Amino acid sequence: MIGVYVVLAWLRRSPSLSTMNDDAFYIFLARSLRHFSYVESFVVGSPVHVQYPPGYPAFLALVSAAFGEHHNLFVGLNIAMIAGALAITAATVRSRFGRTAAVLVVAACALNPTLIELGGLVRSEALFLLLWSITLWAVLRSSGSLGWTAVTILCAAATTLTRTAGLPLIAGIMLFWAMERRWRASFALGLVALLTVGAWFAWVFHAPQSSLPGASYIADVRAAPQAVSGTVGRVLSIAQRVWLYYRSDIPFTLPMPSVSGTVVDNVLVIVLMTVTLVGGLGAVWRTWPAAVIVGALYMILLAVWPFDAPRFLVPLLPLFFITGGMGAAALSSRLGIGPVAGPAVVSAIVLGTATVLVARDVRVASKCERDKALTSVSCFSPDQVAFVSALRYAGDMASPAAPIVAAKEATAGIMSGHPIVRVTALGRLRPADALAYLKRIKASYIVVGYLEGRDYRLASVLEPECAQLRLAQTFEPRTYVFQITGDSPSGDGGAACAVLRQRLAAWGPGGPIGLW
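Right, let's walk through the structure included here.

Cut-offs used in this document
- Residues numbered from 1 in each chain as written.
- Predicted model: local features only at pLDDT ≥ 70, side-chain atom pairs only at ≥ 80, totals over all residues.
- Heavy atoms only, no water.
- Pairing = 2+ DSSP bridges.
- Helix = DSSP H or I, 4+ residues; strand = E, 2+ residues; numbered from the N terminus.
- Contact = heavy atoms within 4.5 Å.
- Axes fitted to C-alpha atoms, helices over the stretch in contact; angles between N-to-C directions.
- Disulfide = S-S within 2.5 Å.
- Buried < 20%, exposed > 50% of the residue type's maximum accessible area, 1.4 Å probe, protein only.

The next subject is the sheet that holds strand E1 (residues 404-405). Judged by pairing direction, the sheet is mixed, and its 5 strands sit side by side in the order E2-E1-E3-E5-E4 without closing on themselves. The outermost strands of the open sheet, each flanked by one partner alone, are strand E2 (420-421) and strand E4 (469-475). Pairing between E4 and strand E5 (residues 479-484): 6 bridges, direction antiparallel. Its bridge partner lying in E5, threonine 474 is registered against tyrosine 480. Where helix H20 (residues 431-440) meets the sheet, its contacts fall on E1, E2, strand E3 (445-448), E4 and E5, and the angle it forms with E5 comes to roughly 70°.

Structure (structure tokens):
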């Protein structure tokens, strides 16, 4: 099944860097680390980076230093790392629950559409999952073994230096060891985490960019909108997020079947999940308590974190599958049909749904013209292709080294070859001051696309000063390049103003929701 995962992830892989921004961000940070710094060289002023911890960029830096920057190489290594994570997970589950359980869990993971998609992207999840799996495997062997204890400690710290979502892994293992009265091991992990992860967070909290949304997770949390202010608002937001994960994100990630436009299937899925997960929790706790503790703390982190995404749930997939399987076995035993029937039915539902979705995804990916991925709508959406074309046009038209303004700053930097003005920084200024700043740094071109909320924010800043802009080019279906003309009217007959006003009216408050 691990071989099946490798093949499917390779067929499904992204054909190139995309407009998701994260992939380009990691490439730039890897380049920076190769020059013994950690700066955003693609942003005007090259500020020090404080958002992503350096684990995955350091991995890319080592690989690219040895073999060069190649998209397929990075993707291939990510697929290999997730395959390694699946192999380690299989060994861990087999040691706790037996061979059959290990086969079913790995099969469900290998055919999981979200996991297959993540393997084919240049993102940090692959290294994170590998280190996460090694840590949970090593902690089982750490009792009475100084070597395995050291491996657990080092991998837990490395996991969190790859993605900050690894914090629950550190806290969970410390708590697990404390429950076993292994005080020295728990203290040692805390000390190593303080010296490594703690140093990173100390820098993040005190760095110059820590107050800028989009450049710092700390600022993102502070700027997150709430329906109601104060403590009541925070509690309400957490409750809404928990319900969203349970009714939508978890069924989507497993995946569970869904029929568009109906409610009955959603109710049935929630009932099935509740019965099996609750029913199996006790058995998993008795057999694999470390994973339950880590999983519970991780879910608490997701509940309080102001942003949700199905991919955040991927580290918990093996725990969901084994818990659901144990619960299904207990339920079918109570119904008098034997312990095998329940897991068989649940496995058929999950694997059947996953097979249908993966087949669809692979079929779509097979139509991609990979040799011209960024110019073909067979690989990316029309809005993505238009955004890339607009960035390349602005890069060609602008003077050498002249800054360009666009959302998705890392993608913009790679595609245009110019330094980028961060939209969130521009949005903190009054429109007149923002335009004055752009003139002062000799920025000449601005790209407004239709990919995310920052495009809306950029348009909002530009519209009051639109008389100083000229509509330089339009890229269908709805991406625009504007040129800053100076203090004199643009002379484009009001086209820039008309486009910006039309876009703002069409978007409505907040702008596009999709993140590509």
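On we go.
Turning our eyes to something else, we now look at the state of the cysteines. Here the structure, examined in full by the defined rule, presents 2 disulfides. At a sulfur-sulfur separation of 1.9 Å, the disulfide partner of cysteine 368 is cysteine 379. With the S-S bond torsion at 95°, the cross-link from cysteine 368 to cysteine 379 turns out right-handed. On the criterion of sequence distance, the pair formed by cysteine 368 in the loop between helix H16 (341-366) and helix H17 (382-397) and cysteine 379 in the loop between H16 and H17 is long-range, its members being 11 residues apart. For the pair shown, cysteine 368 and cysteine 379 are each scored as buried. The residue that forms a disulfide with cysteine 466 is cysteine 497, at a sulfur-sulfur distance of 2.0 Å. Disulfide cysteine 466-cysteine 497: torsion about the S-S bond near 100°, hence right-handed. Taken together, the positions of cysteine 466 in the loop between helix H21 (453-462) and E4 and cysteine 497 in helix H22 (residues 495-507) put the pair 31 residues apart, joining distant regions of the chain. Each member of the pair cysteine 466 and cysteine 497 is classed as buried. Regarding the disulfides, the protein chain carries the connectivity 1-2, 3-4 under sequence-order numbering of its bonded cysteines.

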